[in-house]
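Architecture and fold: a report
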Amino acid sequence: MKTFIFCLIFPFVAFTASGAVVAFGDNADNAAFADNADNTDNAASANNTNSANNASSANNANSANNASSANNASNAVHRADSFFMDGIRYHLTNQNEKAFQAYYSASNSNPNNYAAFYEIARLYKEQGRISDAIVYAERAFFLSDKNRYIGEFLADLYASSHQYEKLIDVCLKLVDAYPEKLEYAYHAADAYISMGRLQNAIEIYNKLEQKFEVTEDWVLEKHKLYMALGDKKSKEAARSEIEKISKLMPDKVKYYEMLAQMAMDDKNYKEAENNYRKIIEIDPENTLIHLSLSDFYRVIGNMEDSYKELIKGVENKNLDFDTKLKILSTYYEMNSVSEKKEKKQELLNVDKVFQALIKTHPDRAEGYSIYGRLLVFTKQTDKAIEMFEKSLSLDSSSKNGSWDALLATLAKASDYNDKLVRHSFRFTEVYPEREIGYIYLMFSAYTAKQCDTAIYAVEKLEKMDVVKDKGDLERMNVIKAECLYELKRVDESFLIFDEIVKDDFVDIVIKNNYAYFLALENKNLDKAEAFAKEACEKEPKSATYLDTYGWVLYMKKEYEKAKKILEQALKYGGDKSDVVKEHYQAVIDAIAGKTDTTGKADDVTGKADDVAGRATDTTFSANVKCLVSGLEDSELALSGKVKVSVYNGGWVSLGLGAIEAVRIRFRNDSIYVINRLENSCMAAGGVSTSMLAKIFSGQCTVPAYSFALSGFSLRVEECSAQSLTLSASFGSSPIILKLQYQNIERNKNLDMPFRLPAGCK
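So, here is what we can say about the structure in this document.

Analysis parameters
- Residues numbered from 1 in each chain as written.
- Predicted model: local features only at pLDDT ≥ 70, side-chain atom pairs only at ≥ 80, totals over all residues.
- Heavy atoms only, no water.
- Helix = DSSP H or I, 4+ residues; strand = E, 2+ residues; numbered from the N terminus.
- Buried < 20%, exposed > 50% of the residue type's maximum accessible area, 1.4 Å probe, protein only.
- Contact = heavy atoms within 4.5 Å.
- Salt bridge = Lys/Arg side-chain N within 4 Å of Asp/Glu carboxyl O.
- Phe/Tyr/Trp six-rings, centres within 6.5 Å; stacked < 30°, edge-to-face > 60°.
- Expected span 1.5 Å × (residues − 1).
- Core = buried A, V, L, I, M, F, W, Y, C linked by side-chain atoms within 4.5 Å.

The helix and strand inventory of the chain stands at 31 helices and twelve strands. Sorting the 761 residues of the chain into buried and exposed places 45% on the buried side. In the chain, of all internal contacts separated by at least 6 residues, the share reaching a separation of at least 24 is 51%.

Right, let's get into the pattern of salt bridges. Considering all chains together, one arrives at 39 salt bridges under this definition. In this structure, the salt-bridge partner of Glu459 is Lys480, at a minimum N-O distance of 3.9 Å. Of this pair, Glu459 sits in helix 23 (residues 451–464) while Lys480 sits in helix 24 (residues 470–486); the two residues are 21 residues apart in sequence, bridging distant segments of the chain. Among the salt bridges present, the one from Lys561 reaches Glu529, with a minimum N-O distance of 3.9 Å. Residue Lys561 is located in helix 29 (residues 559–571), and its partner Glu529 is located in helix 27 (residues 525–538); the two are separated by 32 residues in the primary sequence. Lys561 gets classed as partly exposed once you look at its relative accessible area, which sits at 38%.

If you check the backbone angles, Asp465 has positive phi at about 55 degrees while not being a glycine. Checked against the element boundaries, Asp465 lands in the loop between helix 23 and helix 24. A relative accessible area of 47% places Asp465 in the partly exposed class. In the Ramachandran plot, Lys557 falls in the positive-phi region, its phi being about 65 degrees despite a non-glycine side chain. Tracing the backbone through its elements, the reader meets Lys557 in the loop between helix 28 (543–555) and helix 29. Taking the relative accessible area as the measure of exposure, Lys557 reaches 45% and is therefore partly exposed.

Going through the model one piece at a time under the given rule, you end up with 25 aromatic pairs. Ring geometry for Tyr485 versus Phe517: centroids 4.3 Å apart, planes at 20 degrees, classification stacked. Of this pair, Tyr485 sits in helix 24 while Phe517 sits in helix 26 (residues 508–521), placing them 32 residues apart in sequence. Residue class for Tyr485 comes out buried when judged on its relative accessible area of 4%. Among the residues examined, Phe517 registers a relative accessible area of 4% and is labelled buried. Relative to Tyr554, the ring of Trp551 has its centre 4.3 Å away and its plane inclined at 15 degrees; by these criteria the two rings are stacked.

Bringing helix 15 (residues 303–315) into the picture now. Every α-helical turn comprises 3.6 residues, leaving residues that sit three or four positions apart pointing alike. Taking 1.5 Å as the rise per residue, helix 15 with 13 residues should run 18 Å; its terminal C-alpha atoms sit 18 Å apart, in good agreement. Along helix 15, the residues that are buried comprise Met303, Ser306, Tyr307, Glu309, Leu310, Ile311, Gly313 and Val314.

Moving on, we get to the nonpolar core. Ranked by size, the top nonpolar core spans 63 residues in total, and within it Met442, Phe494, Phe497, Ile500, Tyr514, Trp551 and Tyr554 carry the most contacts. In terms of residue count, the dominant contributor to this core is helix 26 (nine residues). If you look at the next biggest cluster of nonpolar residues, it comprises 53 residues, including Ala116, Leu143, Ala159 and Ile202.

Note on placement: Phe388 falls in helix 19 (residues 381–394). Since its relative accessible area comes to 0%, Phe388 is described here as buried. Phe388 has contacts with Ser369, Gly372, Arg373, Val376, Ser402, Ala405, Leu406 and Thr409, leaving out every residue within four places of it along the chain.

Structural data, given as C-alpha cells:
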C-alpha cells in the first residue's frame, strides 16, 4: 500500500495564539494566520455606536464600557500568546506534559486559535496517538481556512491511518485553495489508486490537462491506468493516449515501440510492422529495433526475415555484447527443444547468427562458449571443441563455463582422449584445488595408457581426500593398481589388488582382471583360479571370463581342462578375438607337446588390446651424453632410455645412474614432462608415435619445432637416430643441450608397421 508523505510539512512552524507566524514560516502564506477575533477594529466600532446622537454623559458611559470590553479581549489574546509561547518552550525542551497544559490554556483563552490546536495535534502524533492527533488537526484546519501546512499535516495523518476518503477531501480542498501546487492533485490521484478507483484518478489527470498544457508524465500515467483497467474500451483509450503524445513528440521512437507492442498484443501485425518501420525511418541507428523486428517476424512465423534482422542486430556495434548474448541464449534454448521439420535449416540460421556474434566481438570469451554449447547440441563436436578452446585462450577462468563444457564434451567423444588428457592436465594447473580436473585426468590418462600420468592424478586425489564414495574409491584404486602393473611395478600393484578383493561385494570384473594378472606373472595361481571360476559362475557365457579361466588353468598346466573352458569361450564369441584363439592354440600346442611346460608359449602371455589393453613394446636404448653449450667441460653423463610403443607413445627417461629424475613422454600431439620427484607439466608439441618410430630406426629426422610453458621454452633443433639437440630458455637465459646416443641397441620390432608421417621418407 502506498504511504503518503507530504514533503512540504514543516513540523517546526509555530504560530502565536493570534495566528501570527513566529518561527520558520512563510510570510506571504501566513498572512492569513493573523485572523484575530475581537481585535481593535471591534473597539473602534464600539466607539462609533450612537456617536452622532449621544453627546451626553450616557454616550460617554457606553463608550467607556465598550473600551473596557475591548481591553478584556486584548488581554485574553495576550494571555493566549503567553501560554502558547510557554508551550513552544516546553515542547522544544521535551517537557511534553507542560507543553500540553500550556497549549490547552492557550486554546481556552482563545477558542479560535488554530495554532494551539495544531501544536496539540503534533504532540499527539509524536506520542503515536494518531486518532487524537486527527481530532485536533481537523479543528486547526477548519479554523485556519485551509492553511496548506496544516492541511498537509492532516493529509499525512489520514494517509498513515488509511482514511483515503478524508485524505482525498483534504487534497481537493488544497487544490482549490492552491491550484498552482500540483502535488495536491497527485496525492489525490494516488489515494484513488490505492482505493482501486482508477477512473477517478484518470479524471484528476484529465482536469489537470484541461487547466494546463498536456505533459508526457500525465499521458504515461493515464496510459498505465487505462491498461490496468483491462477492458477493451480502456485499452483503446490507452492506445489513444500514446497516439496523442506521439503526435506531440514525433521524434521520440519509444512511443512507436509502445504502439507496435500494443498492436502485437492485439495480433494487428500490419500495424505493428508499420510502427517498427517508422522507428527505422526516425532512427536508423537504433540499437534495438532490429532485435524487435526479429521477434516480430518470429511471432508471425517468418523465420527467414527474423534471422536476417537478428543478424543485423548482432552486427550492430553500438549494442552492448551482454544484451546480445542474453537474446541469443533464448534462441539456443528454443532450438534445444525444437522438433520442427525445418529444424536443420533453423539451426543453420542460428549458426550464422553466432558466427556474426564472434566476428563482431572476437575478444569476448563468452560468445565462443555459448556458441560451442550450441555446436555440441548439433553434434558438431570438432567445431564445438575449437570454440571452447578459443574461449579459454581469451579467458582461462571458469566463469563462462567453457572448462566444464570442454571437458564434458571431450569425455563423451571417444576420439578425443588425448585432448582430454592435455586439457584436464591444464585444468589442474589453473585450478589445482578442484578435484574434477584430476578425476578427468585420471580416467583419460588411464584410457590412453599414460600410466605415469594416471597414477599422478590418483595420488593427487588421495592427498586431497575428497573421494568418499566406496565405489569411486574402488575404481580409483583399480586404476592405480592396473597402471602400476603396466609400469612393471608388480608387487605394488598386487598389494593394492589384495586390499580391493577383500571386499566380498567387489565387482567381478576386478577379480577377473586380477586373476589374469596373477596368471601372467605365474603367481598365486590357486587364488587366480578361484577368482576366475567365480566370474564364470556368475556369467557363464562371458568369453572374456572364460578366456581368463582357461589361461589360469593353462598356467597351472591343466591343459585338458583349459581346452574345454577355452572351447566354451570360442563358442560364446571368443572366435572373433585373436587373443582367445591364440590362447586356445597355445593349449593345443601344449597338449601336442609343441611347447615347453613353463606355460609361456612364445609371447602370447600378453593380453591383447581388446582384453587388457597392452601391446608389445618396441625399444631403442643407448648411453646418453649431454653437452651443454656455453660451459667449459660441459659434458654430463646421464642414464637414459628411449621407448616407442604403439599404444603408449614414446618417452625419454633421464637420470643419474639408476635414479630416474625426469621422463619426457611423447604423445600424438603433446609432450609431457614428468618430474619423478613430485610435479608434472605439459606442453604442445608435434612429435607423433609413428614419427618417433622412424626417427629411432634411423629412417628420418624431425623438423625443428618448439613449445613454451610457464616461462620455460624449448625448441627441438635436430632430432635423429644418433642425437637430439634442444635449445631451451629460462626467461632470458638460453642454453643448448645436445644428447648424443652411444652403444645403441635397437629392438628388432622397430620395423613394425607404423603409419609413415609427413616428412619421413
